[in-house]
Amino acid sequence: MKYFLTIFILLVLFACSTNEEQLSTEEEVKEKDKVIEVLKAYNKAYEKKNFSEMVRYLANDLTFFGSDSAETIKSLSEFKVAIEKQWQDIDSMHYGDMVDVYILMDSKGKLASAIYGIPLELWSGGKNVRLFLRVARTLKKEGGNWVIVSGITGITRASKSIKEIMQQ
């Protein structure tokens, strides 16, 4: 009986020690605000073409999907190469305000999925173009801070239906 009671107490202690509390509604709102801060800071660093600043907002183990089916980035070094290649084609850029921000977070505040729209203006060779992007990012808590672990960005098309596009 003493052996059984010892095992039972150890199991209860183990279960209690690994059971993290769920976020309150207020805590969840604060964590979502922190996620948005990270996304904005990442965009600012990208806009400034400052890779060393961007790294602060990236996980060590990451995956990004590029604009073509063959571009899948699975390391920081691959990411740096792809980003620097993009920057060669752009003189400067400016992100607008994030819109339609949707964040889904796990109940313990360790993992978040963010989707948003954002205008982007690019300048190159004296010309500029205005785009509207749809961005999806997955973030996780790493060392107490939110970091981006995956992402994909899409350039939206003109507001035409699929039927109109197919008829072109």
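Remember, predicted model here, so these are calculated numbers, not experimental data. (Residues numbered from 1 in each chain as written. Predicted model: local features only at pLDDT ≥ 70, side-chain atom pairs only at ≥ 80, totals over all residues. Heavy atoms only, no water.)

## With respect to helix H2 (residues 25–47)
- Here H2 is 23 residues long and its end C-alpha atoms lie 33 Å apart, about the 33 Å a rise of 1.5 Å per residue gives.
- Buried residues of H2: Glu31, Val35, Val38, Leu39, Ala41, Tyr42, Asn43, Ala45, Tyr46 and Glu47, and no others.
- Within two residues after H2, Lys49 carries a phi angle of roughly 55°, on the positive side. (Helix = DSSP H or I, 4+ residues; strand = E, 2+ residues; numbered from the N terminus. Expected span 1.5 Å × (residues − 1). Buried < 20%, exposed > 50% of the residue type's maximum accessible area, 1.4 Å probe, protein only.)

## Thoughts on the pattern of salt bridges
- Scanning the model with the defined rule gives 9 salt bridges in all.
- Between Glu53 and Lys48 there is a salt bridge whose closest N-O contact spans 3.2 Å.
- Owing to a relative accessible area of 16%, Glu53 belongs among the buried residues under this scheme.
- Residue Lys48 is classed as exposed on the basis of its relative accessible area of 52%.
- Here Glu142 and Lys140 are joined by a salt bridge, their closest N and O atoms 3.5 Å apart.
- Given a relative accessible area of 29%, Lys140 falls into the partly exposed group.
- When salt bridges that share partners are traced, they join Glu31, Lys34 and Lys141 into one network. (Salt bridge = Lys/Arg side-chain N within 4 Å of Asp/Glu carboxyl O.)

## Concerning the pairing of strand S6 (residues 127–142)
- Bridge count for strand S5 (residues 111–124) against S6 is 14 bridges, and the pairing is antiparallel. Each bridged residue has a counterpart across the sheet, and for Ile118 the counterpart in S6 is Leu133.
- The loop that links S5 with its antiparallel partner S6 comprises 2 residues; one of these, Gly125, has a positive phi angle of about 60°.
- Pairing between S6 and strand S7 (residues 145–155): 10 bridges, direction antiparallel. Across the sheet, residue Leu139 finds its bridge partner in S7, namely Ile148.
- The antiparallel hairpin formed by S6 and S7 contains 2 residues in its connecting segment, where Gly143 sits at a positive phi of about 60°. (Pairing = 2+ DSSP bridges.)

## Observations regarding the pairing of S7
- Relative to S7, strand S1 (residues 58–65) runs parallel, the two sharing 4 bridges. Within S7, the residue paired with Phe65 across the bridge is Ile152.

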